[in-house]
Structures are given as C-alpha cells and as structure tokens.
Amino acid sequence: MMSAESKREFIGYIRIAGQPKIELRLMASSPLEARALVIEQYGEGHEMSLWNEEDASRPR
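Residues numbered from 1 in each chain as written. Predicted model: local features only at pLDDT ≥ 70, side-chain atom pairs only at ≥ 80, totals over all residues. Heavy atoms only, no water.

### Regarding the overall build of the protein chain
Selection criterion: The helix count covers DSSP runs of H or I at least four residues long, the strand count covers runs of E at least two residues long, and both are numbered beginning at the N terminus. Classification of residues uses two cut-offs on accessible area relative to the type maximum, computed with a 1.4 Å probe and protein chains only: under 20% is buried, over 50% is exposed, and between them is partly exposed. Here a residue-residue contact requires only that any non-hydrogen atoms of the pair lie within 4.5 Å.
Each helix and strand in the protein chain was counted, giving 2 helices and 3 strands. Beginning at the N terminus, the succession of helices and strands in the protein chain can be written as β-β-α-β-α. Out of the 60 residues belonging to the protein chain, those deemed buried represent 23%. Long-range pairs, those at least 24 residues apart, make up 40% of the contacts in the protein chain with a sequence separation of at least 6.

### Thoughts on the nonpolar core
To be explicit about the condition: By nonpolar core is meant a set of buried Ala, Val, Leu, Ile, Met, Phe, Trp, Tyr and Cys residues that side-chain atoms within 4.5 Å join together.
With 9 residues, the main nonpolar core is built from F10, I14, I16, L24, L26, A28, A34, V38 and M48. Looking at this core, the elements with two or more residues in it are β1 (8-15), β2 (22-28) and α1 (31-42). Broken down by element, this core gets its largest block of residues, 3 residues, from β2. Apart from the residues lying within four places of it in its own chain, the contact partners of A34 are F10, L26, A28 and L50.

### Quick word on the sheet that holds β1
Counted only if it meets this: The pairing criterion for strands is at least two bridges between them, as found by DSSP. The angle between two axes is taken between their N-to-C directions and runs from 0 to 180 degrees, where each axis is a line fitted to C-alpha atoms and a helix contributes only its stretch in contact.
Pairing in this open sheet of 3 strands is antiparallel, and the strands run β2-β1-β3 from one edge to the other. Of all the strands in the sheet, just β2 and β3 (47-51) have a single pairing partner and so form its edges. Strand-to-strand, the axes of this sheet are offset by a mean angle of 25°, without reference to chain direction. Both β1 and β3 contribute to a ladder of 5 bridges, which runs antiparallel. By the bridge assignment, I14 is partnered in β3 with M48. Sheet strands in contact with α1 are β1, β2 and β3, and its direction is about 130° off that of β2.

### Regarding α1
Going by this rule: The length a helix should cover is 1.5 Å for every residue beyond the first.
In this model α1 runs 16 Å from its N-terminal to its C-terminal C-alpha over 12 residues, within 8% of the 16 Å that 1.5 Å per residue would give. Taken from the residues just after α1, G43 is the one with a positive phi, measuring 90°.

### Thoughts on the pairing of β1
Most of β1 is tucked away: 6 of the 8 residues are buried. Sheet topology note: the β1/β2 ladder contains 7 bridges and is antiparallel. Each residue of the ladder has a partner; that of R8, found in β2, is A28. Between β1 and β2, which pair antiparallel in sequence order, lie 6 residues; one of them, G18, sits at a positive phi of approximately 80°.

Taken by themselves, the reported measurements are silent on function.
Right under this line is the structure:
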C-alpha cells in the first residue's frame, strides 16, 4: 500500500492550440495532483492526457 506522500511517474501530453503536442513526464502522488501541476505550468483549457504506467497495467 502506498503512503499519501509516495510519488509516482505520470506521463502524457498536452495540446495547446496552434502549437505542436508537448510530451509530459512528471512525478505526483495522484492523478489529481499531476493534472494540477500541468495546469499550474500551462494554464487551463488545453487538451491533455496523463496516465501512470503502474495504474494502467493493474487489472480492474
């Protein structure tokens, strides 16, 4: 079980109108924190996709 402090690697991309897709790689403790970090850096209103490889490979 992970502690609330554990950071995991999230990868993904963001598309900002009129610019090439930007690939992302960041460390965060949750998907919500990862999204907040991207919004903090690039602002709101852009298409983005973020995921954690460990979470994606777990059976549902």
